[in-house]
Amino acid sequence: MKRRIPLTITLVLGIVLMIQFFIPHQFSQDFKNTALEWLRVIGSFAFIIGLASFVTHHATKIRHKKEGWAYSPIALGALVIMAVIGIIGRAPNMSWLPVTVHGQQIPVFTYLFANFYNYMMVPLGATMFSVLAFYIASAAYRSFRAKSLVSILLLIAAFIIMLSIIFYNVLPLGDLGEWLLSVPNMAAKRGILLGASLGGIATSLKIILGIERGYIGGTK
Amino acid sequence: MNFWEKLGKIDRRIIYMVLAVAVIVPLILTVKLPSKVRAMPRTKSVFDHIESIDPNGQRKAILLSVDFDPQTEPELKPQLEAIIRHAFARNIPLLVMALPIQGTDIGLDVLTRLAEEHNKEYGIDYVLLGWKPSPVAVVLGMGNFIDQVFPTDYFDTPLSELPVMEGIRNYDNLGLAMDFTGSSLYGYWVYYAHTPYDVPVATGVTAVSVADIYPFLGSKQFVGMLAGMKAGAEYERLAKDRYYPNVVVKCLGKDSYNVTIEKQSYDADSNDIVSLARRFDLNLDELYNTLDSQGKFEKTLVLLEFLDTTTYSRDLIVRLKEKQAYTITLEGQKLTVNKDKMLAIANFYGVSKLKVNKLLKKEDNPQDPKVTDVERSIFLRGTQALPALSASLLIIILFVILGNISYFTTRRKK
């Protein structure tokens, strides 16, 4: 029963929503709207599951003193601080403890939330992403070798694309780069996309028909 | 170890250092850019599409979805800002939302800043819808009714109370829906907005995603694409060339100017005007057209004092201060520069000089309060970062070439 109910819901809703797409009748549209509202509500629960998973993962790491456990209290602390500040700061009529910024009175929690975001999360995130450029430069220098015909083609294509970005205004390389992207690249990508989409349709059908049961924890 | 072998074993810290210098130096120095930028077709088509939206005809809005977080902000924020500025310049109603929650803060920050520059008012010219969970449900649901998905805006004001939402119910009332993302969220807008509802969609993505978007461009599912920081810079220049062709763009370095605007009323006799016009190559035909039957008219002086004022413009300012007061328009544009627009332009483009080439009859109230010492603190984000991007790509190419030379020379010797 524990498995039959979700499998039945998936089968019925999968088929009904597929058919609904082709029926413009008002009843069909209303049904779709209701389904979308349900989807949004259910989507919100994903955050509760994500939060529980995050806390459990880090609590386990701390309890068993696993490698790198010292970072877990920081992660949990950051979660609690941002959540508390964010929730209190967004509460209605939350105007006590005002801070004066550029001559304007701002509630302290709103001020703290904005500052934590702008001066901690933004630079930390940007730094993490920026570091990639350094790794790419170093890795390309060490391993991007024209050893075979395929790697020579890859190297030439990469050079043309990079040079077309730099010199798009002044050299015909810009047009060549554009051609590479819009003809050979698009042909290959379209093939991959079609293959992946057909695979996606097949998997969806398997889920709807109950053949693929990974989402409910296995095939038994 | 000979020279060629050493060339193939450069310490990675040296590579990091060279790349860091290549990125930082162009950011610090003010680099002169070409006078015209040839935008890539995929960028130009987004620009052309927004140009084709008629704000005075059937009311159509632009919906922007800020679907990125701080990690990809350096690449995507210039694109977002350029599109918002274009929409504001054309007075197109703007709706901003986010599929991931981090996007709301980025959207709020950009909107607040640019609205101030362009003198736009929240709720009248633009709205921040905020964020709702479950992206598929959000994108699909807005096709029916936007206010069903977002009953209130980010600040909990019901959408029905906001004038900007007047006549805008769903995708039928959008001229364009555009998504800015560092992930594959652009797919949702193709699958769940364009395909079922036929709304024109475009996307702004990071440079690494460019190749993935081409199938959608080829099939015209996307009207265009902005790719990476380069596209942000291209779009900034397209908007500049279209709306403010004579404004000089400044990059980083000197990003703080004082803008002083004074307004005066003055009765001039035509000889004074003509002599001044000749002195500064002003358009005489336009000038004569503006004179009324008594040979007198009111004028407004819009005066810009920049930290690096050239001799020419300093002279012009002195002459105008002594003699006359005019309303000034930019060459080739039907844009009367009044106090607000001049502020917006000065803030927007970081102007260092303006070429005065037309005179129009004064329309402003001469009794307007004097506005002085307005601090400018904005620059063209993409344009300013473009030289650093080019330098870093050149360095990567250089190191790949060096690595290959070393590899093949060493192998041949063995």
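Since the model is a prediction, treat every value here as computed from it, not as a measurement.

**A closer look at the overall build of chain B**
Phase 1: Looking only at helices and strands, chain B has 15 helices and 11 strands in total.
Phase 2: For chain B, with 414 residues in total, the buried portion stands at 57%.
Phase 3: Sequence separation of at least 24 residues holds for 81% of the intrachain contacts in chain B that already meet a minimum separation of 6.
Phase 4: Roughly 17600 Å² of accessible area belongs to chain B as shown, and the carbon and sulfur atoms make up 52% of that amount.

**Observations concerning the side chain of K61 of chain A**
All names here are of chain A.
Phase 1: By secondary structure assignment, the location of K61 is in helix 2 (residues 26–63).
Phase 2: Buried charge K61 goes without a salt bridge, the closest partner of opposite sign being E67 at 8.3 Å.
Phase 3: Residues contacting K61, with those up to four places away along its chain left out, are K66, E67, G68, W69 and S72.

**Overview of the packing of helix 10 (residues 228–243) of chain B against helix 15 (residues 381–413) of chain B**
Residue and element names in this part refer to chain B.
Phase 1: Here helix 10 crosses helix 15 at 135°, and the two axes come no closer than 8 Å. The orientation of helix 10 relative to helix 15 falls into the category oblique. As for the relative orientation of helix 10 and helix 15, their crossing is left-handed in sense. Between helix 10 and helix 15, the residues in contact are M229, K230, A233, E236 and R237 and R381, G382, T383, A385, L386 and L389, respectively.
Phase 2: Classifying every residue of the contact of helix 10 with helix 15 gives 5 nonpolar, 2 polar and 4 charged.

**What about the confidence of the model for chain A?**
Phase 1: Averaged over all residues, the pLDDT of chain A is 87; the fraction at 70 or higher stands at 93%.
Phase 2: At the low end of the mean pLDDT range in chain A sits strand 1 (residues 98–101) of chain A, at 70; at the high end sits helix 6 (residues 173–208) of chain A, at 92.

**Considering the packing of aromatic side chains**
Residue and element names in this part refer to chain B.
Phase 1: Within the structure shown, the criterion is met by 19 aromatic pairs over all chains.
Phase 2: Note on Y186 and F216: the rings are 6.1 Å apart at their centroids and 70° apart in plane angle, and the pair reads as edge-to-face. Highlighted residues: Y186 in helix 8 (residues 186–197) and F216 in helix 9 (residues 210–218), separated in sequence by 30 residues.
Phase 3: An angle of 75° between the planes, with centres 5.9 Å apart, marks the rings of F216 and F222 as edge-to-face.
Phase 4: Residue F216 is classed as buried on the basis of its relative accessible area, which comes to 4%.

**Topic: helix 2 of chain A**
Phase 1: In a regular helix each residue adds 1.5 Å, so 38 residues correspond to 56 Å; helix 2 of chain A covers 56 Å between its end C-alpha atoms and thus fits that length.
Phase 2: For helix 2 of chain A, the secondary structure elements touched by its buried residues are helix 1 (4–20) and helix 3 (71–89) of chain A together with helix 6 (135–141), helix 7 (146–149) and helix 8 of chain B.
Phase 3: K65 of chain A, located one to two residues past helix 2 of chain A, shows a positive phi value of around 50°.

**Quick look at the confidence of the model for chain B**
Residue and element names in this part refer to chain B.
Phase 1: Averaged over chain B, the pLDDT score is 72; the fraction of residues at 70 or greater is 65%.
Phase 2: For residues 246–378, every residue scores under 50 in pLDDT, and the model assigns this stretch 261 contacts once sequence neighbours within four places are set aside.
Phase 3: The ipTM value of the predicted complex is 0.84, and its pTM value is 0.76.

**As for the packing of helix 8 of chain B against helix 9 of chain B**
All names here are of chain B.
Phase 1: In the contact formed by helix 8 and helix 9, the axes pass within 11 Å of each other and the chain directions differ by 20°. Taken as axis vectors, helix 8 and helix 9 run roughly parallel relative to one another. The handedness of the crossing between helix 8 and helix 9 is left-handed. Residue-level contacts link Y186, V190 and Y191 of helix 8 to D212, I213 and F216 of helix 9.
Phase 2: Across the contact of helix 8 with helix 9, the residue classes tally to 5 nonpolar, no polar and 1 charged.

**Description of unusual backbone geometry**
Residue and element names in this part refer to chain B.
Phase 1: Positioned with a positive phi, N91 is a non-glycine residue whose angle comes to about 60°.
Phase 2: Of note, K220 is a non-glycine position whose phi angle comes to about 65°, a positive value.
Phase 3: Structurally, K220 can be placed in the loop between helix 9 and strand 6 (222–227).
Phase 4: For K220, a relative accessible area of 65% corresponds to the exposed category.

**Some remarks on helix 15 of chain B**
Phase 1: Here helix 15 of chain B spans 49 Å end to end across 33 residues, near enough to the 48 Å set by a 1.5 Å rise per residue.
Phase 2: In the structure, helix 15 of chain B departs most strongly from a straight axis at P387 of chain B, where the bend amounts to approximately 30°.

**Some thoughts on the nonpolar core**
Residues and elements named next belong to chain B.
Phase 1: Ranked by size, the top nonpolar core spans 44 residues in total, and within it L63, L129, M142, Y171 and W189 carry the most contacts.
Phase 2: With 6 residues, helix 9 is the largest single contributor of residues to this core.
Phase 3: Counting 38 residues, the second largest nonpolar core, distinct from the first, contains I53, I84, A115 and Y126.

**Comments concerning the environment of A89 of chain B**
Phase 1: Topologically, A89 of chain B is positioned in helix 4 (residues 73–89).
Phase 2: A C-alpha to C-alpha distance of 29 Å links A89 of chain B and S209 of chain B, two positions 120 residues apart in sequence.

**Comments concerning the interface of chain A and chain B**
Phase 1: With 52 residues of chain A in contact, the opposing surface of chain B contributes 63 residues.
Phase 2: Here chain A packs against chain B, burying approximately 5000 Å² in sum over the two surfaces, 67% of which is carbon and sulfur.
Phase 3: A per-residue breakdown of the area chain A buries against chain B is headed by R40, Y141 and Y168 of chain A, which together make up 15% of the total.
Phase 4: At the junction of chain A and chain B, the tally comes to 2 salt bridges.

Cut-offs applied
Within any chain, residue numbers begin from 1 and follow the written order of that chain's sequence. In the order they appear in the text, chains get letters beginning with A and ligands get numbers beginning with 1. Only residues with pLDDT of at least 70 are given local features in this predicted model, and only at 80 or more are side-chain atom pairs given and counted; all residues enter the totals for whole chains, interfaces and linings. The side-chain figures draw on all heavy atoms in the structure; neither hydrogens nor water molecules are used. Runs of E in the DSSP output that reach at least two residues are strands. Runs of H or I that reach at least four are helices, and both are numbered from the N terminus. Exposure categories follow from relative accessible area, calculated using a 1.4 Å probe and restricted to protein chains: below 20% of the type maximum is buried, above 50% is exposed, and the middle band is partly exposed. Contact between two residues is taken to exist if any of their heavy atoms lie within 4.5 Å; hydrogens are not considered. Computed with the Shrake-Rupley method and a 1.4 Å probe, the accessible areas treat only the protein chains shown as cover for residues. We score Asp and Glu as negative and Lys and Arg as positive, and we do not count His or the chain ends. The term salt bridge refers to a pairing of a side-chain nitrogen on Lys or Arg with a carboxyl oxygen on Asp or Glu at a separation within 4 Å. Axis geometry follows a simple rule: fit a line to the C-alpha atoms, using only the stretch in contact for helices, then measure angles between N-to-C directions, giving values from 0 to 180 degrees. If an angle is under 35 degrees, it is roughly parallel; if it is over 145, roughly antiparallel; if it lies from 65 to 115, roughly perpendicular; otherwise it is oblique. In this scheme the crossing of two helices becomes right-handed for a clockwise turn of the near helix relative to the far one and left-handed for an anticlockwise turn of less than a right angle. For this classification, the nonpolar set comprises Ala, Val, Leu, Ile, Met, Phe, Trp, Tyr, Cys and Pro, the charged set comprises Asp, Glu, Lys and Arg, and every other residue, Gly included, is treated as polar. Each residue gets a pLDDT score, which is the predictor's confidence in that residue and runs from 0 to 100. Centre distance within 6.5 Å is the pairing criterion for rings of Phe, Tyr and Trp, where only the six-membered ring of Trp is used; planes under 30 degrees apart are then read as stacked, over 60 as edge-to-face, and the remainder as tilted. One less than the residue count of a helix, multiplied by 1.5 Å, gives the span that helix is expected to have. One fitted axis covers the seven residues ending at a residue, a second covers the seven starting there, and the bend at that residue is the angle between these axes. Nonpolar cores are built from buried Ala, Val, Leu, Ile, Met, Phe, Trp, Tyr and Cys residues. Side-chain atoms within 4.5 Å join them into one set. What counts as buried area is the accessible surface, traced by a 1.4 Å probe, that two parts surrender upon association, with contributions from both included.

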